[in-house]
Amino acid sequence: NMVEDSLAFGGPAMVFWVCAGACLSRSRTQRTSSISPPAGLAVVLGLVLAGVAFIWWPVFSRTRYSDQAMRYFQARRADLAANWARKAAQADRLDGFAPAGLAKLLASTGGTDDRANLLQAYSWALQAIARDDRNASHHQLAFGIAIALGQQDPDEWADKAFAHASEAVKRDPMNHRF
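Residues numbered from 1 in each chain as written. Predicted model: local features only at pLDDT ≥ 70, side-chain atom pairs only at ≥ 80, totals over all residues. Heavy atoms only, no water.

**Points about helix α3 (residues 78–91)**
Okay, so step 1: The terminal C-alpha atoms of α3 lie 20 Å apart, and with 14 residues this matches the ideal 20 Å at 1.5 Å per residue to within 8%.
Okay, so step 2: Every buried residue of α3 is listed here: Ala81, Ala82, Ala85, Ala88 and Ala89. Down the axis of α3, the sector holding all buried residues measures 120 degrees, keeping them to one side. (Helix = DSSP H or I, 4+ residues; strand = E, 2+ residues; numbered from the N terminus. Expected span 1.5 Å × (residues − 1). Buried < 20%, exposed > 50% of the residue type's maximum accessible area, 1.4 Å probe, protein only. Arc of directions from axis to C-beta.)

Here is the structure:
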């Protein structure tokens, strides 16, 4: 398994099980097909390559970029960590965790005084919500960032913070942190 939790996500799991089923299936009857064996092999090979290009490669790239961001963050190079985290968020457009990670990084490195960093963090938190609306932690993240932004401008951010808090509670009502 080259990508952590790859079979836990729908796309890689689908490709794996379709390929596994194709390998394990056996025909009990003789079928005549209008497709010759080399053409059938080309179709299967094309489907596998398409699966790699559109499903596996974005996940692999995101994981690689996220690992690089983590290394720079551990080395206390927040600027480079943010660049790699941004690449990770852009590599896999279906994943909500990469933009959420970037939002956390931007919010934590800038502090509550750095409005530009907080606005970028809020934008990435909204991107995480857009990619995975059912995840309550993304709404909680946006709530925390909106609260930090509200310290400078309470009128604008109070309603946004409340909306994110209510969405987080709606999605996970049993979570005591909300």
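**Focus on the packing of helix α5 (residues 115–131) against helix α7 (residues 154–171)**
Okay, so step 1: At a closest axis distance of 14 Å, the pairing of α5 and α7 adopts a crossing angle of 30 degrees. Classed by the angle they form, the pair α5 and α7 counts as roughly parallel. The chirality of how α5 crosses α7 is left-handed. Every residue of α7 that contacts α5 at Arg115, Leu119, Tyr122, Leu126 and Ile129 is listed here: Glu156, Trp157, Lys160 and His164.
Okay, so step 2: Residues that form the contact of α5 with α7 fall into these classes: five nonpolar, one polar and three charged. (Axes fitted to C-alpha atoms, helices over the stretch in contact; angles between N-to-C directions. Parallel < 35°, antiparallel > 145°, perpendicular 65-115°, else oblique. Left-handed = near helix turned anticlockwise from the far one by under 90°. Contact = heavy atoms within 4.5 Å. Nonpolar A, V, L, I, M, F, W, Y, C, P; charged D, E, K, R; others polar.)

**What about the packing of helix α6 (residues 136–150) against α7?**
Okay, so step 1: At a minimum axis distance of 8 Å, the contact between α6 and α7 shows a crossing angle of 160 degrees. As the angle between them shows, α6 and α7 are arranged roughly antiparallel. In this structure, α6 meets α7 at a crossing whose hand is left-handed. Listed contacts from α7 to Ala136, His139, Gln140, Ala142, Phe143, Ala146, Ile147, Leu149 and Gly150 of α6 are Pro154, Trp157, Ala161, His164, Ala165, Glu167, Ala168 and Arg171.

**Things to note about α7**
Okay, so step 1: Compared with the 26 Å implied by 1.5 Å per residue over 18 residues, the 25 Å span of α7 between its first and last C-alpha is a close match.
Okay, so step 2: For α7, the complete set of buried residues consists of Trp157, Ala161, His164 and Ala168. Viewed along the axis of α7, the buried residues span an arc of 65 degrees, placing them on a single side of the element. Opposite the buried face of α7, at more than 90 degrees from it, the exposed residues are Asp155, Asp159, Phe162 and Lys170.
Okay, so step 3: On its buried side, α7 packs onto α5 and α6.

**Focus: the side chain of aspartate 92**
Okay, so step 1: Mapped onto the fold, aspartate 92 is located in the loop between α3 and α4 (97–110).
Okay, so step 2: Contacts of aspartate 92, omitting those with residues within four sequence positions, involve Pro58, Val59, Arg62 and Arg131.

**So, the packing of aromatic side chains**
Geometrically, a pair of aromatic rings is defined through the distance of the ring centres and the angle of the planes.
Okay, so step 1: Scanning all chains against the criterion turns up two aromatic pairs.
Okay, so step 2: Seen in terms of ring centroids, tyrosine 65 and tryptophan 84 are 5.6 Å apart; in terms of plane orientation they differ by 45 degrees. Their pairing is tilted. With tyrosine 65 in helix α2 (residues 37–74) and tryptophan 84 in helix α3, this pair connects stretches of sequence that are 19 residues apart.
Okay, so step 3: A relative accessible area of 22% places tryptophan 84 in the partly exposed class.
Okay, so step 4: Judged by centre distance (4.8 Å) and plane angle (85 degrees), the ring pair of tyrosine 122 and tryptophan 157 falls under edge-to-face. Pair noted here: tyrosine 122 is in helix α5 and tryptophan 157 is in helix α7, with a separation of 35 residues, a long-range link. (Phe/Tyr/Trp six-rings, centres within 6.5 Å; stacked < 30°, edge-to-face > 60°.)

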